[in-house]
Amino acid sequence: QVQLVESGGGLVQSGGSLRLSCVASGRTFRNDIMGWFRQAPGKEREFVAAIKPFTLSTYYADSVKGRFTISRDNAKNTVYLQMNSLKPEDTATYYCAAERGSFYNDASKYDYWGQGTQVTVSS
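Just so you know, the residues in each chain are numbered from 1, in the order the chain's sequence is written. Local features in a predicted model are, by the rule used here, given only for residues with pLDDT of at least 70; side-chain atom pairs are given and counted only at 80 or more, and totals for whole chains, interfaces and linings are based on all residues. As a convention, hydrogens and water are excluded, and side-chain values are obtained from all of the structure's heavy atoms.

## Thoughts on unusual backbone geometry
- Phi is positive for Asn 77, which is not a glycine, with a value near 55°.
- To sort residues, take the accessible area from a 1.4 Å probe on protein chains only and compare it with the maximum for the residue type: under 20% means buried, over 50% means exposed, and anything in between is partly exposed. Judged by relative accessible area, which is 17%, Asn 77 ranks as buried.
- Phi is positive for Ser 85, close to 50°, though the residue is something other than glycine.
- Here Ser 85 lies in the loop between strand E8 (78-83) and strand E9 (92-99).
- Note on Ser 85: relative accessible area 42%, which makes it partly exposed. For the purposes of this entry, the term helix denotes a DSSP run of H or I that reaches at least four residues, the term strand denotes a run of E that reaches at least two, and both are numbered from the N terminus.

## Some details on empty space enclosed by the protein
- Using a 1 Å grid laid over the protein atoms alone, points where a 1.4 Å probe fits but cannot get out form a cavity; open sets with protein on both sides within 12 Å along at least 5 of 7 lines form a pocket; any residue with an atom within 4 Å of a point counts as lining. Grid points are joined across faces, edges and corners, and a volume is the space filled by probe spheres set on the points. On inspection of all chains with the given rule, the structure shows 1 cavity of 30 Å³ or more.
- Reported here for the largest cavity is a volume of approximately 40 Å³.
- Every residue lining the largest cavity is listed: Phe 29, Met 34, Arg 72, Asp 73, Asn 74, Asn 77, Thr 78 and Val 79.
- Residues are grouped as follows: Ala, Val, Leu, Ile, Met, Phe, Trp, Tyr, Cys and Pro are nonpolar; Asp, Glu, Lys and Arg are charged; every other residue, Gly included, is polar. Residues that form the lining of the largest cavity fall into these classes: 3 nonpolar, 3 polar and 2 charged.

In structure tokens, the structure reads:
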């Protein structure tokens, strides 16, 4: 079965760092756009970052530019999100997703989703 499994979330103090991982199985995702989204209680799911499969172009939400870095390791079928200088407003459930198309920032266009990993940033 095709699965995306996130890990690496947890509780961290403001200014700290976390690295999220998303391991895919059941299918290769080397030709897919890989993205990270997040959702806080009472808010809509929002785009965080994405990376394209061939050019490796990366895209970031304005709120995380300069602090977060997305990367991928196709040999391991894994995508990462390095999060630095974390702020309380980064608190959310983070989801990884895969898309065969080209709509990197549109959640409705992604084909596969993980279950999410919780990130909590305390002040």
